[in-house]
Amino acid sequence: MAMFIIFTSAQADLVRGPSESNPAAALNPIERTGSAHILGLEVLSDPAHEPHWSLLGSLPQLDSADPAFPAPLDVEES
């Protein structure tokens, strides 16, 4: 399955937006339930996002198949 970086709304605000080195690239964290946000692990190898590698690399990573993976916003928690 796919690996994702998991972070908070405040952390998402720190990285969200266009790349300083490549205007065609941007980070747009996806909001999930429980105030969690996700980004694919591939951002850690994309040179356009190098200024954020230190922060993003220090955050928890989770496989999308893990039962603890945050559900999408449109799915109600049971």
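This text follows the structure it describes.
Being a predicted model, the structure only gives us computed values, none of them experimental. (Residues numbered from 1 in each chain as written. Predicted model: local features only at pLDDT ≥ 70, side-chain atom pairs only at ≥ 80, totals over all residues. Heavy atoms only, no water.)

Student: Just checking my understanding: could you explain unusual backbone geometry for this structure?
Tutor: Residues other than glycine predominantly adopt negative phi, and peptide bonds predominantly adopt the trans conformation. In this model, Ser35 sits at a positive phi of 65 degrees, which is unusual for a non-glycine residue. In this fold, Ser35 is placed in the loop between β4 (30-31) and β5 (37-40). (Helix = DSSP H or I, 4+ residues; strand = E, 2+ residues; numbered from the N terminus.)

Student: Is there a simple way to think about the sheet that holds β5 in this case?
Tutor: Picture the strands of a sheet paired through backbone hydrogen bonds; they go either parallel or antiparallel. If you trace the four strands from one edge of the open sheet to the other, you get β4-β5-β1-β6, paired in antiparallel fashion. Either end of the sheet is taken by a strand with one partner, and the two such strands are β4 and β6 (61-63). Relative to β5, strand β1 (residues 3-7) runs antiparallel, the two sharing four bridges. The residue of β5 that forms the bridge with Phe7 is His37. (Pairing = 2+ DSSP bridges.)

Student: Teacher, can you tell me more about the nonpolar core here?
Tutor: Generally speaking, nonpolar side chains in soluble globular proteins are found buried as a group. If you look at the biggest cluster of nonpolar residues, it comprises nine residues: Ile5, Phe7, Ala12, Val15, Leu27, Leu39, Val43, Leu56 and Leu59. Looking at this core, the elements that each hand over two or more residues are β1 and α1 (9-15). With residues near it in sequence (within four places) discarded, Leu59 still touches Ile5, Ile6, Phe7 and Gln11. One finds Ile6, Ala36, Leu62 and Phe69 within the second-largest nonpolar core, a separate group that totals six residues. (Core = buried A, V, L, I, M, F, W, Y, C linked by side-chain atoms within 4.5 Å. Buried < 20%, exposed > 50% of the residue type's maximum accessible area, 1.4 Å probe, protein only. Contact = heavy atoms within 4.5 Å.)

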